[in-house]
Amino acid sequence: MEAFEKLVRQYDRQVFRIAQHIVQNREDAEDVVQDAFLKAYEKLDQFQGNSKFYTWLVRIAVNEALMRLRKRRTGRMVSIDEDVETDEGSMPRDLADWSPDPEALYGQSEMAEILRKTIQGLPPGFRVVFALRDVEGLSTEETAETLGLSIPAVKSRLLRARLQLRERLSRYFKRRDQKQAQDGAK
Amino acid sequence: MTCTEFLAQLDEMLDQPVAAPLRADLEEHLRGCEHCEITLNTTRKTIEIYRSHEIYELPEDLRDRLHRAIRAKCRKC
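The model shown is predicted, which means the values in this text are computed figures rather than measured ones. (Residues numbered from 1 in each chain as written. Chains lettered and ligands numbered in written order. Predicted model: local features only at pLDDT ≥ 70, side-chain atom pairs only at ≥ 80, totals over all residues.)

With that settled, consider the overall build of chain B. When helices and strands are tallied, chain B shows 5 helices and 0 strands. Along chain B, from the amino end to the carboxyl end, the secondary structure elements read α-α-α-α-α. Whereas a compact globule of 77 residues would reach a radius of gyration of roughly 11 Å, chain B reaches 22 Å, over 25% beyond that. With respect to the three principal axes, the spread of C-alpha positions in chain B is 65 × 25 × 20 Å. Counting the 77 residues in chain B, one finds 14% classified as buried. (Helix = DSSP H or I, 4+ residues; strand = E, 2+ residues; numbered from the N terminus. Rg over C-alpha atoms; globule rule 2.2 N^0.38 Å. Buried ≥ 20, exposed ≤ 12 C-beta atoms within 10 Å, placed from the backbone.)

Residue and element names in this part refer to chain A. Interaxial distance between helix H3 (residues 53-72) and helix H7 (residues 140-147) falls to 9 Å at its minimum, and their mutual angle equals 45°. Here H7 runs oblique to H3, going by the angle between their axes. Along this stretch, H3 crosses H7, giving a crossing that reads as right-handed. Contacts between H3 and H7 pair Thr55, Val58, Arg59 and Val62 from the former with Glu142, Glu145, Thr146 and Leu147 from the latter. (Axes fitted to C-alpha atoms, helices over the stretch in contact; angles between N-to-C directions. Parallel < 35°, antiparallel > 145°, perpendicular 65-115°, else oblique. Left-handed = near helix turned anticlockwise from the far one by under 90°. Contact = placed C-beta atoms within 7 Å.)

Below, the discussion takes up helix H2 (residues 26-42) of chain A. Because each turn of an α-helix spans 3.6 residues, side chains separated by three or four positions in sequence point in the same direction. Its 17 residues place the ends of H2(A) 24 Å apart at the C-alpha level, agreeing with the 24 Å of an ideal helix rising 1.5 Å per residue. A:Ala29, A:Val32, A:Val33, A:Gln34, A:Asp35, A:Ala36, A:Phe37 and A:Ala40 are the residues of H2(A) that are buried. Buried residues in H2(A) make contact with helix H1 (2-23) and H3 of chain A together with helix H5 (60-76) of chain B. (Expected span 1.5 Å × (residues − 1).)

This part covers helix H5 (residues 108-120) of chain A. Residue and element names in this part refer to chain A. Taking 1.5 Å as the rise per residue, H5 with 13 residues should run 18 Å; its terminal C-alpha atoms sit 18 Å apart, in good agreement. If you check which residues of H5 are buried, you get Ile114, Leu115, Thr118 and Ile119. Here the buried residues of H5 occupy an arc of 120° about the axis, which is enough to place them on one side. The outward face of H5, more than 90 degrees from its buried face, is lined by the exposed residues Ser109, Glu110, Lys117 and Gln120. (Arc of directions from axis to C-beta.)

Attention now goes to the interface of chain A and chain B. It is common to give the size of an interface as the accessible area that goes away when the parts come together. Across the boundary between the two partners, chain A contributes 36 residues, which contact 27 residues of chain B. Secondary structure elements with two or more residues in the side of chain A that touches chain B: H1, H2, H5, helix H6 (124-135) and helix H8 (151-185) of chain A. For the side of chain A that touches chain B, the element with the highest residue contribution is H8(A), accounting for 9 residues. Taken together, the residues of the side of chain A that touches chain B break down into 20 nonpolar, 3 polar and 13 charged. (Nonpolar A, V, L, I, M, F, W, Y, C, P; charged D, E, K, R; others polar.)

Below, the discussion takes up the packing of H1(A) against H6(A). Residues and elements named next belong to chain A. Where H1 contacts H6, the axes come no closer than 8 Å and their chain directions differ by 155°. The orientation of H1 with respect to H6, classified from their angle, is roughly antiparallel. By crossing handedness, the relation of H1 to H6 is classed as right-handed. Between H1 and H6, the contacting residues are Arg17, Ile18, His21 and Ile22 on the first element and Pro124, Arg127, Val128, Ala131 and Val135 on the second. Of the residues that constitute the contact of H1 with H6, the class distribution is 6 nonpolar, 1 polar and 2 charged.

Within the fold, B:Arg63 resides in helix H5. B:Arg63 gets classed as partly exposed once you count the C-beta atoms within 10 Å, which come to 17. For B:Arg63 and B:His53, which are 10 residues apart along the polypeptide, the C-alpha to C-alpha distance reads 19 Å. Residue contacts for B:Arg63: discarding those within four places in its chain leaves A:Asp12 and B:Leu58.

Structure follows, in structure tokens:
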């Protein structure tokens, strides 16, 4: 039990973050963290040393989070295949450069709020791939294994997720630029 | 190389060192295409911003509460 508690302390932040990326709701994310660690504890004997404990735990947490999302949407099926056939972001439209650096324009909490709003608009199947690859730093292979997707599917979703986020952030940053220009003209 | 072909290789440019012949093609396209250069730079920046901001922080009080709940549940099973 003591050794397991050490694992909880080691990975709880990551599991919470992944859960939040998927369910987009703090109470559900709390439940996901509890249920994922409980399941991991119950199934510890099934854990095979050929995959890393962390990716095994992430797989449990992702499944719990998708189940939770499905419940919240009262029975509507939610899978990581949902809404991924969109054309949004497949060809970049907003092509203004980000200058000055957006990080110089916004405070930490304001930027975090923008990032939360932006990622919230992505389909769950894109959010989860982006979270695992770009935020948590899993490899393409680990992400594919964790989500039960092929490597080309992970790559394609990651590209679309990155381009959609870029497009959406561009719109935010442009609004700020326009507002500053208007304020300057007054 | 067209913009669509460049875009299909965008992840290669972002994620790993690209093999020399392909890199030369990509760089040549970039020199003549401001749109793709902006797309590459702003996509790279998008990833950097997400990596460097903790958007779903786990506060210590919630963390303690979760640990207690997990411990209690695990003891029962």
